[in-house]
Amino acid sequence: MLYCHVMTPFDRPPVGMNLARTSKVVAQAFDAAMAEAGGTLPVWLTLLSVKSKELANQRELAGMIGIQGATLTHHLNAMETQGLLTRRRDPENRRVHQVALTEAGEVLFEKLRLAAVAFDKRLRAGIPDDRLAEFAEMLAALRANAEAPQS
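Predicted model, so just to flag it, every value in this text is computed and none were measured.

Undergrad: Can you lay out the overall build of the protein chain for me, pointing to particular residues and giving the numbers?
TA: Of regular secondary structure, the protein chain possesses six helices and three strands. Start at the N end of the protein chain and walk to the C end: the helices and strands fall as α-α-β-α-α-β-β-α-α. Its C-alpha radius of gyration of 20 Å places the protein chain more than 25% over the 15 Å reference for a compact globule of 151 residues. Counting only carbon and sulfur atoms, one obtains 57% of the accessible surface of the protein chain, whose full area is about 10700 Å². Computing the positive centroid from 18 side-chain charges and the negative centroid from 17, the protein chain places the two 5 Å apart.

Undergrad: Can you lay out the packing of aromatic side chains for me, pointing to particular residues and giving the numbers?
TA: How two aromatic rings sit relative to each other is given by the distance of their centres and the angle of their planes. Per the counting criterion, the structure on display carries two aromatic pairs. A centroid spacing of 5.2 Å and a plane angle of 65 degrees characterise the contact between Phe30 and Phe119, whose relative ring orientation is edge-to-face. Residue Phe30 is found in helix 1 (residues 15–36), and its partner Phe119 is found in helix 5 (residues 103–124); the two are separated by 89 residues along the sequence. For the pair formed by Phe30 and Phe119, the shared burial category is buried. Between the aromatic rings of Trp44 and Phe109, the centroid separation amounts to 5.5 Å while the plane-to-plane angle is 25 degrees, which identifies the pairing as stacked. Remark: Phe109 occurs in helix 5 and Trp44 occurs in helix 2 (residues 41–52); sequence separation between them is 65 residues. The exposure class assigned to Trp44 is buried, which follows from its relative accessible area of 8%. Residue class for Phe109 comes out buried when judged on its relative accessible area of 8%.

Each value, and the rule that gives it
- Residues numbered from 1 in each chain as written.
- Predicted model: local features only at pLDDT ≥ 70, side-chain atom pairs only at ≥ 80, totals over all residues.
- Heavy atoms only, no water.
- Helix = DSSP H or I, 4+ residues; strand = E, 2+ residues; numbered from the N terminus.
- Rg over C-alpha atoms; globule rule 2.2 N^0.38 Å.
- Areas by Shrake-Rupley, 256 points an atom, 1.4 Å probe, with all protein chains shown as cover.
- Lys, Arg positive; Asp, Glu negative; His and termini not counted.
- Charge placed at Lys NZ, Arg CZ, Asp CG, Glu CD.
- Phe/Tyr/Trp six-rings, centres within 6.5 Å; stacked < 30°, edge-to-face > 60°.
- Buried < 20%, exposed > 50% of the residue type's maximum accessible area, 1.4 Å probe, protein only.

Here you go:
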């Protein structure tokens, strides 16, 4: 047992610690799956976000991915240099860049999509759909509890 009854009130690992450890293991495994397919998590999230919205501006894109604008700019510069996407000024608002995938970006998107689908299948292996649905509800409840104001 990880937790001694004398030292802590837990008879099993705290939910947050268990969730954090599991999240780290899953994230590392997903990163490895993306790397094996020729990409990274930021590249995958960028390609996915651009693909899901034919032309997205950089500010919207950063919000969808969950990163700061400067970090996104770094990723976009590298991806543009690699020929994965193009950026152009919005003709209606010159301060806004519109982002679109190139043919090479589409090819990498498909490779990473297949890797993501295979990884999801791996995670779901042996777990019935009703348990996965219950798990999704549990994650939503944990997220809501974590976001709720402390009383």
